[in-house]
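One letter stands for each residue in the lines below.
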Amino acid sequence: MSVAGLKKQFHKASQLLSEKISGAEGTKLDEDFMEMERKIEVTNKSVFDLLSKTTEYLQPNPASRAKLNMLNTVSKIRGQVKTTGYPQSEGLLGDCMLRYGQELGEDSVFGGALVDMGEAMRQMADVKDSLDISVKQNFIDPLQNLQDKDLKEITHHLKKLEGRRLDFDYKKKRQGKIPDEEIRQAVEKFEESKELAERSMFNFLENDVEQVTQLSALIEAALEYHRQSSEILEELSGQLQKRISTASSRPKREFKPKSIRSSMETLDNSHHNGLSYSSSLKSTDIQINHTLNGKTDHITSVPLSWPESPTTNGNNHQSEVLDQPCCRSLYDFEPENEGELGFKEGDIIILTNRIDENWYEGMINGESGFFPINYVEVIVPLPQ
């Protein structure tokens, strides 16, 4: 920085200090300018909050939001084009219903209804994904562009104007000690900055209909989402009512209990074929009496035992793992997204990196990926 530049910075700092501490008054701008500046400041704050709140509206779960940001950041670092989508609550509920409905089977009225509803919830999750994409393209991205370009440029003009005002006020108060030429130049630069800032604010505020257009795009996307969701739910409601009607009109089956006596009679009938079995099971052995054609063979007790797991190789492997940064899993972890590492409780995982305060990167059984920090207990920490 040149000597003249250093002097100017000193003048600004000195004038600002005198205004803050001594209460000295600086040059006041006209009311119209001050009102435009106030509206620009409010607009800047509103855009910042709208971007944050709209993202929360689309992705309400803060934990999933943070996890999604982390995974997408890692994808960008690795050069991967495909990004992970937000796990919609409708999709998670639909997957749960489909799983249990399929386990119950089509012969179950409840199971069939769960399958119908699970498929409808999956459709709603797809519609919610479409809402996310539409709002991002037509509302969030334009607002972000507005903040990064137009509002940023206006803020730059206002900041430059404030600096030139401080320089002008400093020199004006020291008139006589400072050459008139310097004061004249300070006035010209001050007026030039004021005109630039005023023009940019005026043009921005005159064209604020663009922001209304972006709000309209947000509402249109939300309206389309609710319209499609309504159609899906109306169709689902009709399917469920049909299932209720069908189940109510079908003949009721009578319960016919099977007694233990009838079971015993069935066993007695097997004696006519000259074959019978009797067995007694204890906690540690089995004894079987086998009768065939009137002759009885006694088979001695067969002890039950579980094969012991090999320990030698496991200990060697564990000692090798413990020589490097590693951790032990406290719970089972099932991967939900691409790039995550699954494991079972008690597994030893080699640590390779710490992504942030919530996620580690590690390796187990030749596979690497990410996993939450609160699922593991560190044995050998990563080097600082």
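Located above this text is the structure these notes cover.
In this text the structure is predicted, and so the values were computed from the model without any measurement. (Residues numbered from 1 in each chain as written. Predicted model: local features only at pLDDT ≥ 70, side-chain atom pairs only at ≥ 80, totals over all residues. Heavy atoms only, no water.)

**Overview of the sheet that holds strand 6 (residues 359–364)**
With antiparallel pairing, 5 strands are arranged side by side in an open sheet as 7-6-5-4-8. Looking at which strands have only one partner, the edges of the open sheet turn out to be strand 7 (367–372) and strand 8 (376–380). On average, each strand axis in the sheet is tilted by 40 degrees relative to the strand beside it, whichever way the strands run. Relative to strand 5 (residues 348–354), strand 4 (residues 326–329) runs antiparallel, the two sharing 3 bridges. Note that in strand 5 the partner of R328 across the bridge is I348. (Pairing = 2+ DSSP bridges. Helix = DSSP H or I, 4+ residues; strand = E, 2+ residues; numbered from the N terminus. Axes fitted to C-alpha atoms, helices over the stretch in contact; angles between N-to-C directions.)

**A few points about the pattern of salt bridges**
Under the defined criterion, the tally for this structure stands at 18 salt bridges. One salt bridge in this structure joins E35 and R38, with 2.8 Å as the shortest N-O distance. One end of the pair is E35 and the other is R38, both in helix 2 (residues 31–58) and 3 residues apart, which spans about a single turn. Among the ionic pairs, K172 bridges to D169, the shortest N-O distance being 3.8 Å. Pair noted here: K172 and D169 are both in helix 6 (residues 150–173), with a separation of 3 residues, about one helical turn. The exposure class of D169 is buried, given its relative accessible area of 1%. One salt-bridge network, held together by shared partners, links E162, R165, D169 and K172. (Salt bridge = Lys/Arg side-chain N within 4 Å of Asp/Glu carboxyl O. Buried < 20%, exposed > 50% of the residue type's maximum accessible area, 1.4 Å probe, protein only.)

**Quick notes on the packing of helix 5 (residues 109–148) against helix 6**
The contact between helix 5 and helix 6 brings their axes to 3 Å, and the two run at 15 degrees. Viewed along their axes, helix 5 and helix 6 adopt a mutual orientation that is roughly parallel. Residues N145, L146, Q147 and D148 of helix 5 form the contact with helix 6, whose participating residues are D150, L151 and K152. Partitioning the contact of helix 5 with helix 6 into residue classes produces 2 nonpolar, 2 polar and 3 charged. (Parallel < 35°, antiparallel > 145°, perpendicular 65-115°, else oblique. Contact = heavy atoms within 4.5 Å. Nonpolar A, V, L, I, M, F, W, Y, C, P; charged D, E, K, R; others polar.)

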